[in-house]
Amino acid sequence: MARVKDGFSLEMLGLQGWDNAMESARWHITYNLVVLRMISFGMDLHWNVLRLCGRGGKKTCELDASQRLPRDTYCTEMFLLYMAYPPLYLTGPIITFDDFAEQYIATKREGNLSWRFIVSYGARLVFAFFLLEIMTHFFYFNAIAKSGAWKPLYANFGPKEIGLTGFWTLFFMWMKFLCIWRFARFWALLDGIDTVENMRHCLVNNYDIESFWKSWHASYNRWLVRYMYIPLGGRHWRAANAWPIFTFVALWHDLELHLLGWAWIICLFVLPEVVVKYWVQRPGNVKLQYRWWFPLARGCLSSMYISVLMAANLAGFVLGVDGLRFFLHSLLTEEGIPFLVGSFATFYVASQFAYWFRNRSRKHSSPSGKVAFAR
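All of the points below concern the structure found in this document. What you see is a predicted model, and the numbers here were worked out from it, not measured in a lab. Once a new chain begins, its residue numbering starts again from 1 and follows that chain's sequence as written. Two thresholds apply to this predicted model, a pLDDT of at least 70 for residue-level local features and 80 or more for giving and counting side-chain atom pairs, whereas whole-chain, interface and lining totals are computed over all residues. Side-chain metrics rest on all non-hydrogen atoms present in the structure, leaving aside hydrogens and water.

1. Describing the overall build of the protein
- Every helix listed is a DSSP run of H or I at least four residues long, and every strand listed is a run of E at least two residues long, numbered separately from the N terminus. Helices and strands together make up the secondary structure of the protein, namely 16 helices and zero strands.
- Accessibility here uses a 1.4 Å probe with only protein chains present; expressed as a share of the type maximum, an area under 20% marks a residue as buried, one over 50% as exposed, and anything in between as partly exposed. Counting the 375 residues in the protein, one finds 43% classified as buried.

2. Overview of the packing of helix α10 (residues 209-216) against helix α11 (residues 218-229)
- Where helices are involved, their axes are fitted lines through C-alpha atoms of the stretch in contact, as for all axes, and angles between N-to-C directions lie from 0 to 180°. Interhelical geometry of α10 versus α11 gives an angle of 110° and a closest axis separation of 5 Å. Regarding the angle of α10 to α11, the classification is roughly perpendicular. Between α10 and α11, the residues in contact are W213, K214, S215 and W216 and A218, Y220, N221 and L224, respectively.
- All residues other than Ala, Val, Leu, Ile, Met, Phe, Trp, Tyr, Cys, Pro, Asp, Glu, Lys and Arg, Gly among them, are scored as polar; the first ten of these are nonpolar and the last four charged. Classifying every residue of the contact of α10 with α11 by side-chain character gives five nonpolar, two polar and one charged. Orientation labels follow simple angle bins: below 35 degrees gives roughly parallel, above 145 gives roughly antiparallel, 65 to 115 gives roughly perpendicular, and whatever is left gives oblique. What makes two residues a contact is simply this: any of their non-hydrogen atoms within 4.5 Å.

3. A short note on the pattern of salt bridges
- Whenever Lys or Arg places a side-chain nitrogen within 4 Å of a carboxyl oxygen from Asp or Glu, that contact is recorded as a salt bridge. Applying the stated criterion across every chain yields a total of nine salt bridges.
- One salt bridge connects K277 with D208, and the closest N-O pair in it is separated by 2.6 Å. Taken together, the residues K277 in helix α13 (residues 257-281) and D208 in the loop between α9 (159-190) and α10 connect sequence positions 69 residues apart. Each of the two residues, K277 as well as D208, counts as buried.
- In this structure, K214 engages E210 in a salt bridge whose closest nitrogen and oxygen atoms are separated by 3.0 Å. Taken together, the residues K214 and E210, both in helix α10 and four residues apart, mark about one turn of the helix.
- Take K214: its relative accessible area is 41%, and that puts it in the partly exposed class.
- Each member of the salt-bridge network shares a partner with another, and the members are D208, E210, K214, E273 and K277.

4. Overview of the layout of surface pockets
- In this model, the second largest pocket occupies a volume close to 980 Å³.
- Every element with two or more residues in the lining of the second largest pocket is listed here: α9, α10, α13, α14 (294-317), α15 (320-331) and α16 (336-365).
- The element best represented in the lining of the second largest pocket is α16, accounting for 10 residues.
- Here the lining of the second largest pocket is built from residues that sort into 30 nonpolar, eight polar and one charged. Whether a set of points on the 1 Å grid over the protein atoms alone is a cavity depends on a 1.4 Å probe fitting there but being unable to get out, while an open set qualifies as a pocket with protein on both sides within 12 Å along at least five of seven lines; lining residues are those with an atom within 4 Å of a point. Grid points are joined across faces, edges and corners, and a volume is the space filled by probe spheres set on the points.

5. Here we look at the environment of L301
- With respect to the secondary-structure elements, L301 resides in helix α14.
- The exposure class of L301 is partly exposed, given its relative accessible area of 42%.

6. With respect to empty space enclosed by the protein
- According to the stated counting rule, one finds three cavities of 30 Å³ or more in the structure shown.
- Of the volumes computed, that of the largest cavity is approximately 40 Å³.
- Forming the boundary of the largest cavity are R37, Y82, M83, A84, Y85, L88, Y89, I95 and F100.
- Those elements giving two or more residues to the lining of the largest cavity turn out to be α4 (76-83) and α5 (86-89).
- Residues that form the lining of the largest cavity fall into these classes: eight nonpolar, no polar and one charged.

7. Brief notes about the environment of V249
- Note that V249 resides in helix α12 (residues 238-253).
- Classification of V249 by relative accessible area gives buried; the value is 0%.
- Remark: the alpha-carbon pair of V249 and L259, spanning 10 residues in sequence, is separated by 8.9 Å.
- When residues no more than four places from it in sequence are discounted, the contact partners of V249 are W213, Y220, L224 and W262.

8. Here we look at α15
- Take the number of residues in a helix, subtract one, and multiply by 1.5 Å to get its expected span. With 12 residues, α15 should cover 16 Å at 1.5 Å per step; its first-to-last C-alpha distance of 17 Å lies within 8% of that length.
- Inspection of α15 places G320, G323, L324, F327, S330 and L331 among the buried residues, and these make up the whole buried set. Looking straight down α15, one finds its buried side chains confined to an arc of 125°; they lie on one side. Those residues of α15 that are exposed and aimed more than 90 degrees away from the buried face are D322, R325 and H329. Directions pointing from the helix axis toward each C-beta atom define the arc.

9. Details of the packing of aromatic side chains
- Centres within 6.5 Å are what make two rings of Phe, Tyr or Trp a pair, Trp counting through its six-membered ring; a difference in plane orientation under 30 degrees is then read as stacked, over 60 as edge-to-face, and the rest as tilted. Counted according to the given criterion, the structure contains 32 aromatic pairs.
- Relative to W252, the ring of Y220 lies with its centre 4.4 Å away and its plane at 35°, an arrangement referred to as tilted. Of this pair, Y220 sits in helix α11 while W252 sits in helix α12, placing them 32 residues apart in sequence. An identical accessibility class is assigned to Y220 and W252; each is buried.
- Through a chain of ring-to-ring contacts, the aromatic side chains of W47, W213, Y220, W223, Y227, F246, F248, W252 and W262 assemble into a single cluster.
- Only when the NZ of Lys or the CZ of Arg is both within 6 Å of the ring centre and within 35 degrees of the ring normal is a charge said to sit over the ring. Above the ring of F177, the side-chain terminus of K176 is found at 4.8 Å from the ring centroid.

10. Points about the environment of I162
- Looking at the element boundaries, I162 is found in helix α9.
- For the pair I162 and S330, spaced 168 residues apart in the sequence, the C-alpha separation amounts to 9.6 Å.

11. Describing the side chain of K277
- For K277, a relative accessible area of 14% puts it in the buried group.
- The residues contacting K277, other than those within four sequence positions of it, are D208 and E210.

Printed below as a string of structure tokens:
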């Protein structure tokens, strides 16, 4: 209701004349993050109480901090500090209450972060801002998408132009959120609080739904795993859990039909991905990774899933459901088929490079120097 009405008047609370003073502080815009923090505080307190009563049972996910924090940590002062912590209040990254409280207590005792790491992280942030500034000045695709200039009513955009507009708009979104989240994390690092890094991989370095979601909003993914995915059954119900979780994610972002379309497109393709990964990772099928046809099949499937990710994100954040329907219809025209084939071939090459890059990274990080193929 607050989002629909663009907030509520403070006169409802008897605060006469405060509306003009608080006009710029739209609390309902950041309230979705506050809700996540309230849930985190309540669940961590609940698990801590169960442990003290001897009824904790199995640990769910990352409950180590709950096993260490004393009961008096869950006080009103710490709750308010966690709710309104300035570096993370507006945008995140999202951090659980237990993690925040443990780091805050440790920071009061002694600094736990290296200044060399903080300075290098700040330098990377400045470089990212510089790249975003260049992109904003010379790439106008986000303005075209937001203004609706790609629609047939305003311009004669073909499938190639619409596809490129969508891709570069998504890349602009990636760069924008990268700078926003890294600025907030850098501010928190200066205060001694280390949060989960969002945007772990470049936008074009993703070839399946699982890796894309884990790397895009990594801190939110860990929150969902802790408070929804594991309580709903974890890996045993992975495909079924995708529906309530992604529906919650869509509604958490905003009450918009195109966001539900984005979430449900993702859910439709989670099941085949889970089945194929489970089949490949079975002990009797591991040797298939070394067959000559395995990289070819893997690249084709990855190309298909990159297309799915592009379509889902175009529906959710760029074109909308109607715009995606028009775009898909234009791909089946005489002009659209060559673009579709060329895009699939480009995605195939990009996925093979992504596999090579990740396998190389794993090989260098492995003590033995050997690593299984990325799946």
